[in-house]
Amino acid sequence: MSTEEAAATLAEATRMVARAQEIELRVAEHAKTVGVGESVGATSTTNFWAHATHQTRTAAHGKMRLAVALAARPALRTAVAAGRVLVEQARVIVEAVEVLPAEHRDEAEAMLIKFAAEHDAQELKRLGRRILEFLDPEAAEAHEAKQLEDEERAAALSTKLTMTDDGHGKVHGRFTLPSAQAAMLKKALLAFAAPKHRAAVDGCVGERRPSAERMGQAFVELIERYPVKRLPKAGGVNATVVVTMDISTLMGGLKAASLDTGERITAGQARRLACEAGIIPAVLGGKSQVLDLGRKRRFHSESQRIAMAIEQGGCNAEGCDWPPGLCHGHHPIPWSQDGETNKDGMLLCPHHHARAHDPKFTMTKQTGGKVAFNRRT
């Protein structure tokens, strides 16, 4: 084929795929109507379809939803059957039309079908969100406000972050963020990944379009550079990483250091972090006693809390794994009885701290330094 013939054939093949997919969706909707799969005990026609054709249930359910929607919109189904609208475009049109007031849906559908001749699915989605401005400008503002409010509420409920340590020096994660905050994060990362910044930091010119690796490095730099003073306090101390090392490591040794969160890092990285703002190098003596908490100026109570966190590691109650940042500082001799506030205090989580002051319980020191609580008889 010549260049012109290949271009024409490619476009026609794409239209043929759309026509074949419309047939599949029309048959799927009919199969749902007549109850295909019921005779073999399938929980639904869609699940039967997924099992019989070895496609995922997610894919099958997505196609079945579109099949049902197209059955209710003959004009759109006809356009797909003719190859004038691709399936991904049809899905966007359905989503855009279904959220509109009923009196505007048919007109919006017709307009979006025309737009599909010149716009891909992504652009159609943008047009679909603003389609009411063409049809009823007075109602468009209130409709958009409600739509955005619903989306923001749903986004807030869906926000999540998961992080999993693979045990080999890497943490893998996934997150879902509202669009506005995701845009803020992306802009911050791009500032760190920008070619001029990379040239200043690395001495070489960065890529014009930052790669995934460059964005990951920018994320690391953002975490290290974020001002600790702007972080909320957790357990009386700003959310500051404490690097625990022997004096020999600080002076150039090779022994690994530890973070107060339990991770182990190389001596080189420990020394580098010890120089960064918001990182406290905790230098230990021979008996793991805190000799120095770095040069960062802090309130005395915060230094005490850091020392307690390093030496105690978390809640002192036997069997409790609450980290130090979520614990309270317990006075062995109650403050009301002239007890002093010093680093000889005890870290207890809120639950066990309440028990320490509850006359119905006794607190007993265990071998190894932990404490146990027993109900008085």
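Residues numbered from 1 in each chain as written. Predicted model: local features only at pLDDT ≥ 70, side-chain atom pairs only at ≥ 80, totals over all residues. Heavy atoms only, no water.

If you check an unreviewed UniProt entry, the protein chain appears there as DUF222 domain-containing protein from Nocardioides ginsengisegetis.

### Here's the deal with the overall build of the protein chain
Quick note on the threshold: Counting from the N terminus, the helices are DSSP H or I runs at least four residues long and the strands are E runs at least two residues long. Using a 1.4 Å probe on the protein chains alone, a residue whose accessible area is under 20% of its type maximum counts as buried, one over 50% counts as exposed, and one in between counts as partly exposed. Residues count as neighbours in contact if any of their non-hydrogen atoms are within 4.5 Å of one another. Reported accessibility uses the Shrake-Rupley method at a 1.4 Å probe radius. Residues are deemed covered only where the shown protein chains occlude them.
A tally of regular secondary structure across the protein chain gives 16 helices and 13 strands. Residues counted as buried form 32% of the 377 residues belonging to the protein chain. Across the protein chain, every contact between residues at least 6 apart in sequence was considered, and the portion connecting residues at least 24 apart equals 45%. Here the protein chain displays about 24500 Å² of accessible surface, and carbon together with sulfur accounts for 56% of that area.

### Some details on the pattern of salt bridges
Our working rule: Throughout this description, the term salt bridge denotes a Lys or Arg side-chain nitrogen within 4 Å of a carboxyl oxygen of Asp or Glu.
Tallied over the full model, the rule gives twelve salt bridges. With a closest N to O distance of 3.2 Å, Asp106 and Arg73 form a salt bridge. Placement of the pair is Asp106 in helix 6 (residues 105-115) and Arg73 in the loop between helix 3 (57-71) and helix 4 (74-81), with a sequence separation of 33 residues. In this structure, the salt-bridge partner of Glu133 is Arg130, at a minimum N-O distance of 2.6 Å.

### Quick look at the pairing of strand 1 (residues 160-165)
Selection criterion: Should DSSP find at least two bridges between two strands, the strands are regarded as paired.
Sparse coverage of strand 1 is indicated by the burial of zero of its six residues. Of the strand pairs in this sheet, strand 1 and strand 2 (residues 171-176) are connected by six bridges, and their pairing is antiparallel. Bridge pairing in strand 2 links Thr162 to Arg174. Following strand 1, the chain reverses through five residues before pairing antiparallel with strand 2; Gly167 in that reversal takes a positive phi of roughly 80 degrees.

### So, a nonpolar patch on the surface
For clarity, the threshold we go by: Residues form patches when they are more than 30% accessible in relative terms and have no salt bridge. Like charges link within 9 Å. Nonpolar side chains (Val, Leu, Ile, Met, Phe, Trp, Tyr) link within 5 Å.
On the surface, Leu161, Met163, Val171, Phe175 and Leu177 cluster together into a nonpolar patch covering about 530 Å² of accessible area. Those elements that provide at least two residues to the nonpolar patch are strand 1 and strand 2.

### Overview of helix 5 (residues 87-98)
For an α-helix the count is 3.6 residues per turn, leaving residues at separations of three or four pointing the same way. For clarity, the threshold we go by: The span you would expect from a helix comes to 1.5 Å times its residue count less one.
Across its twelve residues, helix 5 extends 16 Å between first and last C-alpha, which sits within 8% of the 16 Å expected from 1.5 Å per residue. Turning to helix 5, its buried residues are Val87, Gln89, Ala90, Val92, Ile93, Val94, Ala96 and Val97.

### A few points about unusual backbone geometry
Of note, the phi angle at His54 is positive, near 60 degrees, even though the residue is not glycine. If you trace the backbone, His54 turns up in the loop between helix 2 (45-53) and helix 3.

### A look at the confidence of the model for the protein chain
Should pLDDT be low for a region, the predicted coordinates there are not to be read in detail. The condition that has to hold: Known as pLDDT, the predictor's per-residue confidence is scaled from 0 to 100.
Here the protein chain averages 79 in pLDDT, while 74% of its residues score no lower than 70. Here residues 235-239 is a poorly scored stretch, pLDDT under 50, and it has 19 contacts once near neighbours within four places are set aside; other chains count. Across residues 291-300, where pLDDT falls below 50, the model places 23 contacts with residues more than four positions away in sequence or in other chains.

### Considering the pairing of strand 12 (residues 361-365)
In terms of strand pairing, strand 12 meets strand 13 (residues 371-375) through five bridges, oriented antiparallel. Counterpart to Lys365 in the pairing with strand 13 is Val371. Counting the residues between successive antiparallel strands, the hairpin from strand 12 to strand 13 contains five residues, one of them, Gly368, with a positive phi of roughly 100 degrees.

### Considerations on the nonpolar core
For clarity, the threshold we go by: Nonpolar cores were defined as sets of buried Ala, Val, Leu, Ile, Met, Phe, Trp, Tyr and Cys residues, with membership established by side-chain atoms within 4.5 Å.
Formed by 33 residues in total, the largest nonpolar core has its most connected members in Leu76, Val85, Ile93, Leu112 and Leu124. Residue assignment for this core shows that the elements contributing at least two residues are helix 1 (3-34), helix 2, helix 3, helix 4, helix 5, helix 6, helix 7 (121-129) and helix 8 (131-135). Per-element accounting of this core gives the leading share, seven residues, to helix 5. Ignoring sequence-local partners within four residues, the contact set of Leu112 consists of Ile93, Ala96, Val97, Leu124, Leu127, Gly128 and Ile131.

### Overview of helix 3
Under the 1.5 Å per step criterion, the end-to-end length of helix 3 is 21 Å for 15 residues, consistent within 8% with the ideal 21 Å. Taken together, the buried positions of helix 3 are occupied by Ala60, Gly62, Met64, Leu66, Ala67, Ala69 and Leu70. Each element contacted by the buried residues of helix 3 is listed here: helix 1, helix 2, helix 4 and helix 5.

### Digging into the packing of helix 3 against helix 5
Filter applied, for reference: With axes taken as lines fitted to C-alpha atoms, and helix axes fitted only over the stretch in contact, angles between N-to-C directions fall between 0 and 180 degrees. When an angle is under 35 degrees it counts as roughly parallel; over 145 it counts as roughly antiparallel; between 65 and 115 it counts as roughly perpendicular; any other value is oblique. Here a crossing is called left-handed whenever its near helix is offset anticlockwise from the far helix by less than a right angle, and right-handed whenever the offset is clockwise. Under the grouping applied here, Gly and all other residues not named as nonpolar or charged are polar, the nonpolar ones being Ala, Val, Leu, Ile, Met, Phe, Trp, Tyr, Cys and Pro and the charged ones Asp, Glu, Lys and Arg.
Their axes nearest at 10 Å, the elements helix 3 and helix 5 cross at an angle of 65 degrees. Considered as vectors, helix 3 and helix 5 are oriented roughly perpendicular to each other. Regarding helix 3 and helix 5, the two cross each other, and that crossing is left-handed. Where helix 3 abuts helix 5, its residues Gly62, Lys63, Leu66, Ala69 and Leu70 lie against Val87, Ala90, Arg91, Val94 and Glu98. Its residues assigned to classes, the contact of helix 3 with helix 5 comprises six nonpolar, one polar and three charged.

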